[in-house]
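# A structural walkthrough
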Amino acid sequence: MRNRQATQLISELSHAGRRAAEFPRSDVPDWPLEDLIPTEFQATSMPKLPELAEPDVVRHFVNLSTLNMSVDTHFYPLGSCTMKYNPKRHERLSRLPGIVDIHPHQTAGNIQGMLELLYKMQQMLAEISGLPAVSLQPAAGAHGELTALFVAAAYFRDRGEHRTKVIFPASAHGTNPASAAMAGFECIELKGTVSKPGEDPSKSGFVDLEELKRHVDDKTAVFMVTNPNTLGLFEKEIAAAAKIVHDAGGLVYIDGANMNAIMGITRPGDFGGDMMHYNVHKTFTGPHGAGGPGSGPICVRDFLADYLPGPIINQRETDSNETRYELVIPPKTIGRVRSFFGNVGILVRGYCYLRTLGADGVRSAAEMAILNANYLKELLADVLPSAHGKHCLHEFVASAEKLAKERGITAMDIAKRLLDFGFHPPTVYFPLVVPHAMMFEPTETESKATLDAFSDAIHKIVAEESDLLHSAPHSAPVSRPEEVKATRTPVLTWPIGT
Ligand SMILES: Cc1ncc(COP(=O)(O)O)c(C=O)c1O
């Protein structure tokens, strides 16, 4: 249950004259202020700051911190976001002095240890993706998409080909068309397969090859596809789809946001992908949520390697048989997309994760994620059925449509009420192809007991009076920010989506 006390603003807690412990004034003469700050920038009066005793300040901020939900405090099955537990060991390792005390402006000769780590990370990402050339630069998944599309554009420009279209399924994450549009392409949306009533539902929710064929032509630059897709289903015809695109001279981009389901099992490079991004912060653990921090390295086939943003870390043997790591800028690079080597803090955590699990561990993490998602899918099937697929991979998209039609209970009502039960809601109303969508991704780090408790909560919630649900959450300091027009409390928006 969250703490209601923390909803007062710090200025409302202020009492004139209250202070924390004060040290005696220093007897070292002050540096003249005007030497430090030009007079035009000096304030003429002091801002009115809240006046509080030290315990008031500490309590205020500690209480505020308890208002948030995080993986460390709550089950967080936010679909598409892979909110798995982030091991604390990685935090400790990523703060070792040899890692945090170096500066990216040091020469390569001077940061060989860090470069070795990043080189090995490149190697592992190449191995898991089946795509040999890696740039660690992009700072998140969407940034990786944009970077890869710039790479594709540079490649086609070099070949003298004027390709203008990027095609993606209707179930795509919003960042796919956004990246394509930002990179200057025309966005083409494909309808997915739909099983008619009475037909096998497991055929529904995939890329429709006939529809793809209708759109692919010599203007097609890239087909962007998430696999497993945002319905949590593996695109079984991905190789056939890739062939259609390749035959027309286009490239296939695999959105790797859902790698948690396939890492160590199958590889984008093996099922037809030419480029992909990872969301290291999701798949390989990095404390993310509410917008950051992220890391979205891209992997590409050899023929695209020259266009990657650098620096790329290379390994070489010296004449005296020493291994050295050096920074290389690819010859036709699209230029940097981020400063230095990318978001190194997250890459280090991802490196720790991969080294801890090893090849077998990575595969079993994916298998456990799939098992957990299927278990939860079955537990919820009687109240929140999934429209697509008999079995899912790491996540599934259920629909609250029946509840909405029969009892007026919406996906948002259930999501909000879950907060009262101490659970973070799933992603709601995404993907857009499912009406009243509720997208659950439990991840592999949750126990059966947690999944059972979550299912119990959902069953209790859907049995409740609908009025109680419409006004939920009841334990949060702010109920539904978008519906509370005039509130004296700060507007807190809980993340509700990917
Ligand atoms: C399928 C998919 N693609 C792309 C992205 C974008 O990734 P990021 O949030 O790291 O920019 C997401 C994010 O949730 C996603 O779920």
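Residues numbered from 1 in each chain as written. Predicted model: local features only at pLDDT ≥ 70, side-chain atom pairs only at ≥ 80, totals over all residues. Heavy atoms only, no water.

In total, this model carries 24 salt bridges according to the counting rule given. Among the ionic pairs, Arg 316 bridges to Glu 326, the shortest N-O distance being 2.7 Å. Placement of the pair is Arg 316 in strand S8 (residues 312-317) and Glu 326 in strand S9 (residues 323-328), with a sequence separation of 10 residues. According to the relative accessible area criterion, Arg 316 is partly exposed, its value standing at 39%. When the shortest N-O distance is used, the salt bridge between Lys 405 and Glu 401 registers 3.3 Å. Note that Lys 405 and Glu 401 are positioned in helix H12 (residues 401-407) at a spacing of 4 residues, about one turn of the helix. Given a relative accessible area of 28%, Glu 401 falls into the partly exposed group. Three or more residues are tied together by salt bridges with common partners; here these are Glu 91, Arg 95 and Arg 349. (Salt bridge = Lys/Arg side-chain N within 4 Å of Asp/Glu carboxyl O. Helix = DSSP H or I, 4+ residues; strand = E, 2+ residues; numbered from the N terminus. Buried < 20%, exposed > 50% of the residue type's maximum accessible area, 1.4 Å probe, protein only.)

This part takes up the sheet that holds strand S11 (residues 427-428). What links the strands of a sheet is backbone hydrogen bonding, and the strands pair in either a parallel or an antiparallel sense. Spatially, 3 strands are ordered S10-S12-S11 in an open sheet, and the strand pairing comes out antiparallel. Two strands lie at the open edges of the sheet, namely strand S10 (396-399) and S11, each paired on one side alone. Across the sheet, helix H11 (residues 344-380) is in contact with S10 and strand S12 (437-440); its angle to S10 comes to roughly 10°. (Pairing = 2+ DSSP bridges. Contact = heavy atoms within 4.5 Å. Axes fitted to C-alpha atoms, helices over the stretch in contact; angles between N-to-C directions.)

Below, the discussion takes up the side chain of His 173. Relative to the elements of secondary structure, His 173 occurs in the loop between strand S2 (165-169) and helix H7 (175-182). At 2.8 Å, the side chain of His 173 forms a polar contact with the side chain of Thr 175. (Polar contact = N/O pair within 3.5 Å; in protein donor to acceptor, adjacent residues only side chain to side chain.)

A separate point is the sheet that holds strand S1 (residues 133-135). Across the sheet, 7 strands lie side by side as S1-S7-S6-S5-S4-S2-S3; this open sheet has mixed pairing. Each having just a single partner strand, S1 and strand S3 (186-190) make up the two edges of the open sheet. The sheet shows a mean angle of 20° between the axes of neighbouring strands, direction not considered. Two elements, S2 and S3, share 5 bridges in a ladder whose sense is parallel. Opposite Ile 167, over in S3, you have Ile 188 as the bridge partner. Most of the contacts of H7 go to S3, to which it runs at about 155°, and overall it touches S2, S3, strand S4 (220-226) and strand S5 (251-256).

Detailed reading of the predicted coordinates is not advisable wherever pLDDT is low. Summary statistics for the protein give a mean pLDDT of 92 and a share of 94% for residues scoring 70 or more. Here residues 484-498 scores under 50 on pLDDT; set against residues more than four positions off or in separate chains, the count is 37 contacts. (pLDDT = per-residue confidence, 0-100.)

Looking at the assigned domains, one finds that the protein contains domain 1 (4-66) and domain 2 (89-357). The centre of domain 1, based on its C-alpha atoms, is set 46 Å off from the matching centre of domain 2. (Domains from an automatic or database assignment.)

Moving on to the environment of Arg 349. Of note, Arg 349 is situated in helix H11. Beyond its immediate sequence surroundings of up to four residues, Arg 349 is in contact with His 90, Glu 91, Ser 94, Arg 95, Phe 284, Thr 285, Gly 286 and Pro 287.

A separate point is the site of the ligand. Surrounding the ligand, one finds 14 residues, the nearest of these being Ser 80, Gly 141, Ala 142, Asp 255 and Lys 282. Separating an oxygen atom of the ligand from a side-chain N or O atom of Asn 279 is a distance of 2.9 Å. Between the ligand and His 281 there is a distance of 2.9 Å, counted from an oxygen atom to a side-chain nitrogen or oxygen. Calculation on the ligand without its partners gives an accessible area of 390 Å², and the protein chains cover 89% of this total. Sorting elements by how many residues they give to the shell around the ligand places helix H6 (residues 141-158) first, with 3 residues. Tallied by class, residues from the shell around the ligand come to 3 nonpolar, 8 polar and 3 charged. (Near = heavy atom within 4 Å. Areas by Shrake-Rupley, 256 points an atom, 1.4 Å probe, with all protein chains shown as cover. Nonpolar A, V, L, I, M, F, W, Y, C, P; charged D, E, K, R; others polar.)

Turning to the packing of helix H13 (residues 411-420) against helix H14 (residues 448-462), a few remarks are in order. The description of two packed helices rests on the angle between their axes and on the distance between the axes. For the pair H13 and H14, interaxial distance at closest approach is 10 Å and the crossing angle is 120°. Between H13 and H14, the crossing angle belongs to the class labelled oblique. For the pair H13 and H14, the sense of crossing is right-handed. Here H13 contributes Ile 414, Arg 417 and Leu 418 to the contact with H14, which in turn contributes Phe 454, Ala 457, Ile 458, Ile 461 and Val 462. A breakdown of the residues in the contact of H13 with H14 according to their chemical character gives 7 nonpolar, no polar and 1 charged. (Parallel < 35°, antiparallel > 145°, perpendicular 65-115°, else oblique. Left-handed = near helix turned anticlockwise from the far one by under 90°.)

This paragraph deals with H14. For H14, which comprises 15 residues, the first-to-last C-alpha distance of 21 Å matches the rise-based estimate of 21 Å (1.5 Å per residue) to within 8%. Within H14, the full set of buried residues consists of Leu 451, Phe 454, Ser 455, Ala 457, Ile 458, Ile 461 and Val 462. The buried residues of H14 occupy an angular sector of 155° when the element is viewed end-on, so they sit on one face. Exposed residues lying more than 90 degrees from the buried face of H14 are Lys 448, Ala 449 and Lys 460. (Expected span 1.5 Å × (residues − 1). Arc of directions from axis to C-beta.)

On to the packing of H11 against H14, then. Between H11 and H14, the shortest axis-to-axis distance is 10 Å and the interhelical angle comes to 25°. One element, H11, and the other, H14, form an angle in the roughly parallel class. Note that H11 runs across H14; the crossing there is right-handed. Of the residues in H14, those in contact with Asn 372, Tyr 375, Leu 376, Leu 379 and Leu 380 of H11 are Lys 448, Leu 451, Asp 452, Phe 454, Ser 455, Ile 458 and His 459. A per-class count over the contact of H11 with H14 returns 7 nonpolar, 3 polar and 2 charged.

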